[in-house]
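# Analysis of the macromolecular model
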Amino acid sequence: MRPTLIALLAVSLFALGCSDSGQSTITVKLSEFKIELSSSVAKTGDVVFNVQNTGVLLHELALLKTDLAPDKLPVLPDGSVDEDKLELMDEIEDIEPTKSPTMTVNLKPGNYVLICNVAGHHAAKMYIGLTVR
């Protein structure tokens with residue numbers, strides 16, 4: 001019986017080591033005026049964004065699917081990005097300083113841009129690209 005138990009344990013450990021949840025987790029740090037990612041590349045499927053507002057101002061995080069460069073997005077007169085002209089995947093609004101919300105989005109391969117779309121923040125270069133493969 002002992003060899004059977006050892007074999008089952010070995011198979012279980014092998015299966016756990018080889019399994020791929022298809023999920024990526026990316027830490028996003030927001031501050032004045034930048035967005036930092038723990039990785040600029042994610043796997044196709046569910047991507048978990050653990051967001052941290054490490055700054056002193058209110059921020060938000062919008063995820064847009066686009067092949068445009070982050071500094072070439074269409075903007076409104078107040079300097080914010082015109083989200084109606086882009087494919088908005090998801091967003092978290094009104095992230096207070098020290099808050100750490102989470103956003104999970106199912107993403108297909110392609111190019112994405114993460115922005116803070118509080119008026120003036122995109123113009124201050126608060127954006128970053130993300131590639132999903």
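Residues numbered from 1 in each chain as written. Predicted model: local features only at pLDDT ≥ 70, side-chain atom pairs only at ≥ 80, totals over all residues. Heavy atoms only, no water.

You can see Asp-82 is positioned in the loop between strand S5 (59-65) and strand S6 (87-95). Using a relative accessible area of 12% as the deciding quantity, one classes Asp-82 as buried. Excluding residues within four positions of it along the chain, Asp-82 makes contact with Pro-74, Val-75 and Leu-76. (Helix = DSSP H or I, 4+ residues; strand = E, 2+ residues; numbered from the N terminus. Buried < 20%, exposed > 50% of the residue type's maximum accessible area, 1.4 Å probe, protein only. Contact = heavy atoms within 4.5 Å.)

A few words on the pattern of salt bridges. All told, the structure shown has one salt bridge when counted by the stated rule. The closest approach of N and O atoms between Lys-85 and Asp-82, which form a salt bridge, is 3.9 Å. Lys-85 gets classed as exposed once you look at its relative accessible area, which sits at 60%. (Salt bridge = Lys/Arg side-chain N within 4 Å of Asp/Glu carboxyl O.)

With that out of the way, let us pick up the sheet that holds strand S7 (residues 102-107). Read across the open sheet, the four strands follow the order S2-S1-S4-S7; overall the sheet is mixed. The outermost strands of the open sheet, each flanked by one partner alone, are strand S2 (34-37) and S7. The average undirected angle you get between the axes of adjacent strands in this sheet is 25°. Strand direction decides the pairing type here: strand S4 (residues 45-53) and S7, joined by six bridges, are antiparallel. Opposite Asn-50, over in S7, you have Thr-102 as the bridge partner. (Pairing = 2+ DSSP bridges. Axes fitted to C-alpha atoms, helices over the stretch in contact; angles between N-to-C directions.)

Our next topic: a nonpolar patch on the surface. A cluster of nonpolar side chains, namely Phe-33, Val-56 and Leu-57, defines an oily patch on the protein surface of about 270 Å² accessible area. Here Phe-33 lies in the loop between strand S1 (24-31) and S2. Classification of Phe-33 as partly exposed rests on a relative accessible area of 34%. (Patch = residues over 30% accessible without salt bridge, like charges linked within 9 Å, V, L, I, M, F, W, Y side chains within 5 Å. Areas by Shrake-Rupley, 256 points an atom, 1.4 Å probe, with all protein chains shown as cover.)

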